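Residues per chain are reported as follows:
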Amino acid sequence: MLSLPSLLSARLRAVAGIDPELRPATKPQFGHYQSNVALRLANAEGARPRDVAQRIVSEVELDDLCEPLEVAGPGFINLRIKASVLAAVVSDILTDADAGVNVVADPQTVVIDYSAPNVAKQMHVGHLRSTIIGDCFRRVLSAQGHKVIAANHIGDWGTQFGMLVEHILEQGVDVSALGLEGAAALYREANAHFKDDPEFAERARHRVVALQSGDPETRAIWQLLIDVSKAGFNEAYRRLGVLLTDDDLMGESRYNDMLPAVVTDLESSGIAVIDDGALCVFLTDDEAPLIVRKSDGGFGYSATDLAAVRYRVDILHADRIIYVVGAPQAHHFEQVFTVARRVGWLPERVSAEHVGFGSILGEDGKPFKTRDGSTVTLASLLDAAEEVAARPIAIAAVKYADLSNSLHKDYTFAVERMVATTGNTGPYLQYAHARVSQILRKAQAEGIDFDVVSVLTEPAEHTLALLLSRFGEAVDEVAETLQPHRLCGYLYEVATSLSVFYEQCPVLKSEGAVRASRLALCRATQQVLAKGLDLLGIEAPERM
Ligand code: ARG
């Protein structure tokens with residue numbers, strides 16, 4: 001569908017010869033969009049900016065879309081879209097199932113690595129953030145028509161499983177009767193056992209070898225641990241209402257068979273060298289090397305991630321790989337990407353982005369802890385939110401709080417504020433959606449038709465219509481910058497403009513064509529709010 005800003009940009013560029021860098025106007029008196037193209041051109045040409053602006057304004061063909069263009073201040077060009085054009089654009093939103101999301105011309109294959117909890121461990125708040133943020137990217141990029149492959153890189157491999165399996169066999173534990181919580185408790189027990197009892201530690205090490213060489217009994221117990229953990233993860237995913245399923249599982253163990261080739265290729269290309277018995281890649285003089293194979297012969301987290309890059313590029317044909325993992329792992333990904341680029345597994349045409357994020361803090365400003373002082377599990381966090389609000393609202397509140405702050409910042413888990421139906425919160429947006437739905441229900445009950453926006457006269461109508469026409473752009477921005485808070489900010493603006501519109505423009509109490517047009521504007525707003533919330537992974541209830 002017609003994207004106004006791109007159309008305006010193209011026409012201006014045809015005359016100016018360079019990107020007009022169109023921006024939403026900062027004040028209503030400057031129109032709807034502004035360009036500083038004349039200032040930039042004048043600078044290069046040594047001409048007077050206002051003269052250049054005048055020339056562009058007289059040559060550009062925008063009569064069909066805009067009111068006569070204005071030159072302002074030192075040479076800005078102000079554009080004001082015709083009301084009839086805005087009305088047409090908003091009417092298009094009404095007939096579009098995606099409310100005006102732009103579908104890309106050349107779809108990419110995008111792998112999103114997110115959630116990634118660890119087998120036999122409780123999910124913690126870091127996994128919560130990754131799950132919510134990654135799910136938002138998945139929804140946004142899918143809506144744009146990209147092929148999205150979700151990769152849930154669960155921690156299902158490593159020497160800890162030798163210890164766990166050995167402990168389970170010795171204690172005669174029935175793993176299938178355990179839940180994730182039970183498995184996590186067992187893990188702590190096994191760990192303590194390992195530390196206290198050198199003989200057990202020795203048997204655990206043998207068990208690692210048995211696991212790696214595929215010993216059936218060992219593998220069977222390992223598989224049971226995965227199964228009970230998976231069930232626990234899925235329960236959390238259901239509770240959160242995210243899209244992840246078993247089909248998205250691509251755990252660390254999947255890459256086992258690729259690890260020897262990773263080693264050989266890194267060694268033969270001279271990129272990795274043996275240092276103190278370990279196979280290492282030294283990237284810079286002053287940082288610790290990336291360890292591909294430990295001195296005991298075991299492969300670590302980095303080796304698996306290198307294999308995963310290869311798999312994603314060669315087998316999945318990724319054009320873009322997005323890793324949604326907490327900020328403390330930034331250095332790890334920097335190293336993995338550098339090595340993968342050097343050895344040629346990650347060609348320039350494939351982008352790899354680590355999207356880090358900050359921690360969740362308690363109201364005391366310190367990392368969030370439960371009442372008894374232990375670290376917070378995902379479940380206890382959701383419990384806390386559900387103590388103060390009904391489930392759909394509580395989940396919306398948690399997700400929105402997570403997405404509406406700029407990702408790299410830590411944020412405070414302030415439950416009361418998060419669930420409030422005022423301010424920049426998830427429930428406020430849900431409420432705006434429910435309220436507009438109620439108006440539409442009333443009108444529908446009267447059997448009125450309203451499928452086009454025909455009259456846009458009031459400033460509040462203009463503001464709202466203009467905002468709605470920008471929905472596609474707001475979604476594009478999230479896809480490009482991977483910053484969900486931009487979409488949150490946009491939707492919050494829609495919701496506040498909607499309430500200004502209610503105040504200034506009676507809807508049900510107006511009459512005739514104005515009434516039908518305002519109802520249509522309401523419906524377009526409802527669709528944008530619903531779709532926008534959906535892209536954030538938040539439900540948009542019709543009633544609240
Ligand atoms: N399981 C890891 C953790 O809990 C996160 C894995 C992230 N993804 C990756 N490809 N390394 O910290």
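The structure reproduced in this document is the subject of the present report. (Residues numbered from 1 in each chain as written. Predicted model: local features only at pLDDT ≥ 70, side-chain atom pairs only at ≥ 80, totals over all residues. Heavy atoms only, no water.)

What follows concerns the overall build of the protein. The helix and strand inventory of the protein stands at 20 helices and 13 strands. On the principal axes, the C-alpha backbone points of the protein span a range of 85 × 60 × 40 Å. Per-residue burial for the protein yields a buried fraction of 52% across its 544 residues. Long-range contacts, defined as pairs at least 24 residues apart, comprise 72% of the intrachain contacts of the protein with a sequence gap of at least 6. As presented, the protein carries roughly 24,000 Å² of accessible surface, and 50% of it is formed by carbon and sulfur atoms. Looking at the protein, you have 51 positive and 73 negative side-chain charges, and the mean spots of the two groups are 4 Å apart. (Helix = DSSP H or I, 4+ residues; strand = E, 2+ residues; numbered from the N terminus. Buried < 20%, exposed > 50% of the residue type's maximum accessible area, 1.4 Å probe, protein only. Contact = heavy atoms within 4.5 Å. Areas by Shrake-Rupley, 256 points an atom, 1.4 Å probe, with all protein chains shown as cover. Lys, Arg positive; Asp, Glu negative; His and termini not counted. Charge placed at Lys NZ, Arg CZ, Asp CG, Glu CD.)

Around the ligand, a shell composed of Asp113, Ala116, Asn118, His127, His153, Tyr301, Asp305, Tyr323, Val325, Gln329 and Phe333 is seen. Asp113 places a side-chain nitrogen or oxygen 2.7 Å from a nitrogen atom of the ligand. Side-chain polar atom of Gln329 to an oxygen atom of the ligand: 3.0 Å apart, as the coordinates give it. Isolated, the ligand exposes 350 Å² of accessible area, and the fraction of that covered by the protein chains is 89%. Of the residues contributing to the shell around the ligand, the split by class is five nonpolar, four polar and two charged. (Near = heavy atom within 4 Å. Polar contact = N/O pair within 3.5 Å; in protein donor to acceptor, adjacent residues only side chain to side chain. Nonpolar A, V, L, I, M, F, W, Y, C, P; charged D, E, K, R; others polar.)

Now for helix H13 (residues 378-388). Of the positions making up H13, those classed as buried are Leu378, Leu381, Leu382 and Ala385. An end-on view of H13 places all buried positions within 95° of arc, on one side of the element. Along its buried surface, H13 packs onto helix H5 (125-143), helix H9 (216-240), helix H14 (391-404) and helix H15 (415-419). (Arc of directions from axis to C-beta.)

The subject of this paragraph is the environment of Glu503. Of note, Glu503 is situated in helix H19 (residues 485-504). Given the relative accessible area of 66%, Glu503 is considered exposed. Sequence separation of Glu503 and Ala460 is 43 residues, and the distance between their C-alpha atoms is 9.0 Å.

Taken as a whole and judged by the stated rule, the model has 25 salt bridges. One salt bridge connects Asp215 with Arg207, and the closest N-O pair in it is separated by 3.8 Å. Note that Glu386 and Arg239 form a salt bridge whose closest N and O atoms lie 3.3 Å from each other. Here Glu386 is found in helix H13, whereas its partner Arg239 is found in helix H9, with 147 residues between them in sequence. Relative accessible area serves as the criterion here: at 24%, Glu386 is assigned to the partly exposed category. (Salt bridge = Lys/Arg side-chain N within 4 Å of Asp/Glu carboxyl O.)

It is worth spelling out the nonpolar core at this point. Ranked by internal contacts, the top residues of the largest apolar core, which has 146 residues, are Leu79, Phe137, Leu487 and Phe501. In this structure Leu487 touches Phe471, Ala474, Val475, Val478, Gly532, Leu535 and Leu536, once residues within four positions along its chain are discounted. Core analysis: the second largest hydrophobic core is formed by 38 residues, Tyr255, Leu279, Ala303 and Val336 among them. (Core = buried A, V, L, I, M, F, W, Y, C linked by side-chain atoms within 4.5 Å.)

The next thing to look at is the sheet that holds strand S7 (residues 273-275). Working definition: the strands of a sheet are paired by backbone hydrogen bonds and lie parallel or antiparallel to each other. Strand order across the open sheet formed by three strands is S7-S8-S9, with antiparallel pairing between neighbours. Since the sheet does not close on itself, it has two edges, and those belong to S7 and strand S9 (290-293), each with one partner. Geometrically, the sheet is characterised by an average inter-axis angle of 50° between neighbouring strands, direction not taken into account. (Pairing = 2+ DSSP bridges. Axes fitted to C-alpha atoms, helices over the stretch in contact; angles between N-to-C directions.)

Following the criterion strictly, the structure yields zero disulfides and no others. Not engaged in a disulfide, the cysteine Cys522 finds its nearest cysteine sulfur in Cys505; these two sulfurs lie 9.5 Å apart. (Disulfide = S-S within 2.5 Å.)

This part covers the packing of aromatic side chains. Scanning all chains against the criterion turns up eight aromatic pairs. Judged by centre distance (5.6 Å) and plane angle (80°), the ring pair of Tyr255 and Tyr311 falls under edge-to-face. With Tyr255 in the loop between H9 and helix H10 (259-268) and Tyr311 in helix H11 (residues 301-315), this pair connects stretches of sequence that are 56 residues apart. For the pair Tyr255 and Tyr311, one class covers both residues: buried. Between Tyr323 and Phe337, the aromatic rings sit 5.3 Å apart at their centres with planes inclined by 50°, giving tilted as the arrangement. With a gap of 14 residues between them, Tyr323 in strand S10 (residues 320-324) and Phe337 in helix H12 (residues 330-343) connect regions that are remote in the sequence. Of the two residues, Tyr323 and Phe337, both sit in the buried class. Following the ring pairs from residue to residue traces out a cluster consisting of Tyr323, Phe333 and Phe337. Geometry around Trp222 places Arg219 over its ring, the cationic atom sitting 5.6 Å from the centre. Of note, Arg470 hangs over the ring of Tyr33, and the distance from its end group to the ring centre comes to 4.7 Å. (Phe/Tyr/Trp six-rings, centres within 6.5 Å; stacked < 30°, edge-to-face > 60°. Lys NZ or Arg CZ within 6 Å of the ring centre and 35° of its normal.)

Glancing now at the sheet that holds strand S5 (residues 109-113). The sheet built from four strands is open, its strands ordered S6-S5-S10-S11 with parallel pairing. Each of the sheet's edge strands pairs with one partner strand only, and the pair in question is strand S6 (147-151) and strand S11 (351-355). For this sheet, the mean inter-axis angle between neighbouring strands, taken without regard to orientation, is 15°. With five bridges connecting them, S10 and S11 associate as parallel partners.

With twelve residues, helix H6 (residues 160-171) should reach 16 Å at 1.5 Å per residue; the first-to-last C-alpha distance of 17 Å fits that figure. Turning to H6, its buried residues are Phe161, Gly162, Met163, Leu164, Val165, Glu166, His167 and Ile168. Among the residues trailing H6, Gly172 stands out with phi positive, at a value near 60°. (Expected span 1.5 Å × (residues − 1).)

Relative to the assigned elements, Arg470 resides in the loop between helix H17 (459-469) and helix H18 (471-481). Along the sequence, Arg470 and Tyr490 sit 20 residues apart, while their C-alpha atoms lie 8.8 Å from each other. Setting aside its immediate chain neighbours within four residues, Arg470 contacts Pro24, Ala25, His32, Tyr33 and Tyr490. Here the side chain of Arg470 touches His32 through a polar contact of 3.1 Å, landing on its backbone oxygen.

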